Amino acid sequence: MTRQQVLDLYFMEARAKLIDLGAFIDRMERAAGEDDFRMKAFRNALAELSKGDPAKAKRVLLSLSDPTTEPIPVATTKAACGAWPETK
Amino acid sequence: MRYIEPHGHMVSRVTDDYIDMVTAGCQAVCEPAFWAGFDRSSADGFFDYFRQLTEHEPKRAAKFGLPHFTWLCINPKESEDVKLAEDVLSIIPKFLDKPNVLGIGEIGLNKNSRNEMKVLEMHVEMAAKYNQLILVHTPHLEDKLKGTRLIIDVLKSDSRIRPERCIIDHVEEHTVELVLNAGFWAGMTLYPESKCTAARAVDMIECFGRQRIWMNSACDWGVSVPLAVPYAALEMRKRGHSAEAIDNLVYGNPVKFLSQSPKFKI
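Residues numbered from 1 in each chain as written. Chains lettered and ligands numbered in written order. Predicted model: local features only at pLDDT ≥ 70, side-chain atom pairs only at ≥ 80, totals over all residues.

**Details of the overall build of chain B**
Working step 1: Along the backbone of chain B there are nine helices and eight strands.
Working step 2: Overall size of chain B, expressed as C-alpha extent along the three principal axes, is 50 × 40 × 35 Å.
Working step 3: Sorting the 266 residues of chain B into buried and exposed places 53% on the buried side.
Working step 4: Here the analysis covers contacts within chain B between residues at least 6 apart in sequence; of these, 73% occur between residues at least 24 apart. (Helix = DSSP H or I, 4+ residues; strand = E, 2+ residues; numbered from the N terminus. Buried ≥ 20, exposed ≤ 12 C-beta atoms within 10 Å, placed from the backbone. Contact = placed C-beta atoms within 7 Å.)

Structure, rendered in structure tokens:
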């Protein structure tokens, strides 16, 4: 597809998702209390989109991932939360 | 259009889903064993589940002319209890000769723990011993990258395991190359909220090609769409992919992988 075709097909959908992201951050910042590592990881991932480098989806996923390589001693939960708790 | 649903947890779906899938062109459905949403209390619960997968569910699908195949294992979400896993693994051989059993799956990791690794290795040993195909679940969200690497290491460390007979499922943009470059098949799971949307799946096809890749809905008791594969085919069509290319991906590729089991005949 040409860039014009991609825009024709996906711009409105991406625009809506972009506004949703802004609304989510506004909602977070209006709310009382502290946020946690998830918001830190979210902002780190968001910054990947502003870089000119390719493979933005991959870099967002990498920034949200556990980068360690050794198995954990024991699984204390079944669930994943979407961000690595030790995100800096 | 014709397609294969290579990963659907039909025991959690209603009969209307079978009707919709067949109407949309589904030619066969394959159902890996998975977590029920709660922990089963003993291996007896799995015995009943394996009977459901090998006896009851094929009959339910057959009412709509749909061939039903299955894979057996204890899911990684229940793998922290190694004793339970050993008990479940001991009953699986009783079911391997059933006519709709294609292999061992969906095995893998969930939180990437030491016990999950032990149980994964036990499953790989069983697959090698009984010469079974392997279907692998990769972890969710932040655990996927690490889990995918660990799983590839386990599979690669066993010289009896041939990568072309293993599919590593739920790949995303940060894991698809790891899987394909190691010689395995890759599965893309089309979920509305996690894993991979249809648009992203087609992006990956365009970036990495159609070789050794399939798409599935992994429809289960959670938020999921049984018609996700035909919807992804529509996404390809909107982008101008040819009818032949779509057919190769949603029908030809699953048939090619699954036909490595002599039981897969449609």
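**Some words on the nonpolar core**
The nonpolar side chains of soluble globular proteins are, as a tendency, buried together.
Working step 1: The biggest cluster of nonpolar side chains holds 80 residues, and the ones touching the most others in it are B:I168, B:A186, B:M188, B:L190, B:A201, B:M215 and B:A232.
Working step 2: When neighbours within four sequence positions are excluded, B:M188 is seen to be in contact with B:V171, B:C196, B:A201, B:M204, B:I213 and B:M215.
Working step 3: Counting six residues, the second largest nonpolar core, distinct from the first, contains A:A41, A:F42, A:A83 and A:W84. (Core = buried A, V, L, I, M, F, W, Y, C linked by C-beta atoms within 7 Å.)

**With respect to the domain arrangement of chain A**
Working step 1: Domain annotation of chain A identifies domain 1 (1-33) and domain 2 (34-67).
Working step 2: The C-alpha centroid of domain 2 of chain A is placed 16 Å from the C-alpha centroid of domain 1 of chain A. (Domains from an automatic or database assignment.)

**Here's the deal with unusual backbone geometry**
Working step 1: At the junction of B:G105 and B:E106, the peptide bond is cis and its omega measures out at -5° in the coordinates.
Working step 2: Structurally, the position occupied by B:E106 is in strand β4 (residues 101-108).
Working step 3: Backbone geometry at A:A55 places phi at a positive 60°, although glycine is not the residue there.
Working step 4: Considering the arrangement of structural elements, one finds A:A55 in the loop between α2 (37-50) and α3 (56-63).
Working step 5: Phi at B:L141 is positive, roughly 50°, even though this residue is not glycine.
Working step 6: Within the secondary structure layout, B:L141 lies in the loop between β5 (133-137) and α5 (144-156).

**Structural notes on the sheet that holds strand β1 (residues 3-5) of chain B**
Residue and element names in this part refer to chain B.
Working step 1: Pairing in this open sheet of eight strands is parallel, and the strands run β1-β2-β3-β4-β5-β6-β7-β8 from one edge to the other. Unpaired on one side and paired on the other, β1 and β8 (213-216) mark the two borders of the sheet. Taken over all neighbouring pairs, the strand axes of this sheet differ in orientation by 25° on average, direction set aside.
Working step 2: One ladder, built from four bridges, connects strand β7 (residues 185-189) with β8; its direction is parallel. (Pairing = 2+ DSSP bridges. Axes fitted to C-alpha atoms, helices over the stretch in contact; angles between N-to-C directions.)

**Overview of the interface of chain B and chain A**
Working step 1: Contact with chain B, which involves 27 residues of that partner, is made by 23 residues of chain A.
Working step 2: At the level of elements, α4 (114-129) and α5 of chain B are the ones that each hand at least two residues to the side of chain B that touches chain A.
Working step 3: Per element, the largest residue contribution to the side of chain B that touches chain A is five residues, and it comes from α5(B).

**Structural notes on the environment of B:V101**
All names here are of chain B.
Working step 1: Counting through the fold element by element, V101 comes out in strand β4.
Working step 2: With 48 residues separating them along the chain, V101 and L53 place their C-alpha atoms 8.8 Å apart.
Working step 3: Those residues in contact with V101 that sit more than four places away from it in its chain are T54, T70, L72, F95, L96 and K263.

**Quick notes on helix α1 (residues 3-30) of chain A**
Working step 1: The largest bend in α1(A) is about 55°, located at A:Y10.
Working step 2: Little of α1(A) sits out of view: just zero of its 28 residues are buried. (Bend = angle between axes of the 7 residues up to and from the residue.)

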